Each structure stands twice: as structure tokens, then as C-alpha cells.
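# A structural walkthrough
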Amino acid sequence: MTKPKLLIVWHGALFPSYRRAFWRLQTEHGWDVHLLAARSWSKAMPRRTRFQPAPEEPIHVHLQRAWFGLHGAVHLHPFFPWLMGRLKPDLLYVIEEPFSVMAWLAAYMATRRVPPTPFALYAYQDIYKKYPPPFRWMERFVLEHAARVLVPNIDAGKVAERKHYRGLWDVLPATVDLEKFAYRRRTNESELFTLGYVGRLAEEKGLRDLLWALSHCDDRIRLRLAGDGPARHRLGVLAKELGVDERLAFLGPIAHEELPAFYHEIDALVLPSRTTPQWREQFGRVLIEAMACGAPVIGSDSGAIPSVIGDAGIIFAEGEADALVNKIELLANDPRWQNELSLRGRVHAEQNYGVDRVAEKLHRHLTEALHARRD
């Protein structure tokens, strides 16, 4: 029996751990998987990250330079129409925002074939926004023709509904490679308690709140910030003003393969994001990576963070730095609670974000999209 041919389009498929669910589609669920990915992406963390191949990768990878890659909404692969014509896929899976040029191009090429090729869409946007033409027109076209929409959180699904998507949508979480991000509870033999943060150094990430909280915590509490971004200089100035610069380490961007070691070296990960009119935390992949590695997690209630953490970590009200101080000090002074959250986080990651579980759910949705017939 011929395997159904699946073509995935995703500029963010840079790391092997991000692609493992696709591997399972190929090796365990009977798909012939092809991936069109960018050779590099300038907005990745670390910046200008190149696609990282994996030994004996089981899927077919087609690497091309992403034109206009400074923004996800305008980049495109001119190679895509040729690849579409050569492969003649049975299904497209497009992991791009519906208002993006690449999503529109994929939808247009899919619908002009005879018979049309069904496609599924993964969309992250979880705040309702009205875009100017032509992005508004492209978004309408993509959502009108998508056979299935998958999202990282419920709010993103509701946005698709408000944008007049009339098909089925469902939440599909990110995955964590449980082998790469292996569990190892840190044995802290010093009196210091080390907090960690990984991600963009930007205002919306709530890092001002985190530095203020650090200044009101016990002196034995330290902070390591991994990442880079527009707020780097301002955070350095603020750290000196608050008198915490000697308790704070700016590590710069950390390579993806080095993240497990980072999580194993900290006592807890903090994601103190703040919602803005234009942005809220859509998922927070660092949370599931840290939990898988055994690091307790503390997150604000911005966007999807509470649903990602569940009962396996600590939640505080975004912007409430006093509450963050309280959570940090309670955790730092309670080794038993640290161990409990460490174990609970690993179990939570295994049960909800393991590659096998997510790949099984993705397989079901893609199979239904393959046979979908839109009115």
C-alpha cells in the first residue's frame, strides 16, 4: 500500500528535537514525510541559527534559503511551487501564520491543483488583530480553505473562529525530546539558590519584574539570564540601580544543544512574561524543557503559561513582583517542595509533551484532514 505523501512547510524546524514528531509520522504512522525548511533563520534564538541536521534523519528534508526572512509574515520559498509540482503531495501541513505570504502561497498552490490538495494549518496568533491589505486578504483565503487548524492554546483557536474559520480546530502542544532533555535532579551542595531564564531579553518577558524580585530576595539567591534582545542594555543598567549586578549573570544566547546542561545547573526556571496589547505568551517551550530536565518552574499567568505548567509548577499573577518574591523564597527555603516539583514536572512533561503522544494526536488530525471535504 502506498504511503500518503505529506509535505510540511515550516521555517522554524531548525533543531532535531523540534522535528521528532515528524519522524514518528514517517516511522510509526505510515506517512511519507517531506519537510521544506529554511537553511537559517535570523530571528531564531540564538540569532541567525542554521538548520541543524540529524544523523540518519528518517524524513526527506528540502533546505532552501528563506527570502525576506527578517519577518515570518513576509518570508517565502520561491522553490516551493517547483517542489509542490514534483512531489504532488497528498496533504500539506503548513506551520505558518495564516496572514503570512508563505501560508498564502501554500494555500493557493494547494487549491489550484486538480483535484485540490487538502492542507492543515498550525497558527500561533492568540490575540485578535486586524491586518492591513494584502495580509488580511491572504489570511481570509488561507482560513477559508484550510481543512484543519491546529493551535498551541485555546485563545489561538478562538482567534481563528473570530476570523471566520468554520472547520475543526484543536490544541496541539509543542513537544520535548525526553531523551535529550533527560531528567536529573540537581544536588545543590551550596547555600546558593540559582534561578534561570532562557529566551529573548525583551520588555514583554517581564524581566524587569524578575530583577526587582531578585533585589528583594535573600542575598543567597542568584539569577542566570540566557539569551539576547533589545532590552539587554536596559536590564544591565537596572541591575546596577537595584544593586543586584553581582548576583546576576548575563550568559548571552545559548546553543540549543547546550540547553539541557543549563537546566541541570539551575535550581528553578522563571518565565515572568507580561501581556501587552500586541503579545502574550503563546506557549513557552522552555517550560517543558526545564520540567523534563527536573528543574522546578515558576511562571506568570500570561497567556498559555498556566495551562502549560498545570499543577506541576508555580504560577503567580503577571506584573505582581511582590508575589514573585514570595514564590521564589518559599521554594528556595523548602528542599522537599523542590524535589516534589522536580518529579512532578518530569511526569507532567512525559504525560503531555512527549514526542510519541503529540505525534499520535498529530497523526489523527492529519489523517482526518487528508480525507476532509470542505463544503
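Attention in this report is confined to the structure presented alongside it. Keep in mind it's a predicted model, so treat the numbers as computed, not measured.

### Examining the environment of L195
The residue L195 is located in strand 10 (residues 193-198) in this model. According to the relative accessible area criterion, L195 is buried, its value standing at 1%. Placed 100 residues apart in sequence, L195 and A295 show a C-alpha to C-alpha distance of 9.7 Å. Not counting residues within four places of it along the chain, the set of residues in contact with L195 comprises I221, R222, L223, R224, I266, A268, V270 and I328.

### What to know about helix 6 (residues 207-215)
Given 3.6 residues per turn, any residue in an α-helix points the same way as the ones three and four places further on. Within the span of helix 6, buried status applies to L207, D209, L210, L211, A213 and L214. Contacts made by the buried residues of helix 6 are with strand 10, strand 11 (221-226), helix 7 (232-242), strand 12 (248-252), strand 13 (268-271) and helix 11 (321-332).

### Thoughts on the nonpolar core
In terms of nonpolar packing, the biggest core is built from 59 residues, with Y263 and L269 touching the most fellow members. Ranked by the residues each element gives to this core, the list is headed by helix 9 (residues 285-293), at 7 residues. Grouped together as the second largest cluster of nonpolar side chains are 34 residues, W41, I59, L150 and A372 included.

### Description of the pattern of salt bridges
Under the counting rule described, the total for this entry stands at 18 salt bridges. Among the ionic pairs, D177 bridges to R20, the shortest N-O distance being 2.3 Å. Within this pair, whereas D177 is found in the loop between strand 9 (169-171) and strand 10, its partner R20 is found in helix 1 (residues 16-27), the two being separated by 157 residues in sequence. By relative accessible area, R20 is classed as partly exposed at 21%. The salt bridge involving R280 is made with D155; its shortest N-O contact spans 3.8 Å. Of this pair, R280 sits in the loop between strand 13 and helix 9 while D155 sits in helix 5 (residues 154-162), and the two are 125 residues apart along the sequence. For R280, a relative accessible area of 24% puts it in the partly exposed group.

### Some words on the sheet that holds strand 12
The parallel open sheet is built from 6 strands, whose spatial order is 12-11-10-13-14-15. One side of each edge strand has no neighbouring strand; the edge strands of this open sheet are strand 12 and strand 15 (314-316). On average, each strand axis in the sheet is tilted by 25 degrees relative to the strand beside it, whichever way the strands run. Of the strands in this sheet, strand 10, strand 13 and strand 14 (297-300) are in contact with helix 9, which crosses strand 13 at around 170 degrees. Contacts from helix 11 reach strand 10, strand 11, strand 13, strand 14 and strand 15, with the element oriented near 160 degrees to strand 15.

Reading guide: rules and limits
Residues numbered from 1 in each chain as written. Predicted model: local features only at pLDDT ≥ 70, side-chain atom pairs only at ≥ 80, totals over all residues. Heavy atoms only, no water. Helix = DSSP H or I, 4+ residues; strand = E, 2+ residues; numbered from the N terminus. Buried < 20%, exposed > 50% of the residue type's maximum accessible area, 1.4 Å probe, protein only. Contact = heavy atoms within 4.5 Å. Core = buried A, V, L, I, M, F, W, Y, C linked by side-chain atoms within 4.5 Å. Salt bridge = Lys/Arg side-chain N within 4 Å of Asp/Glu carboxyl O. Pairing = 2+ DSSP bridges. Axes fitted to C-alpha atoms, helices over the stretch in contact; angles between N-to-C directions.

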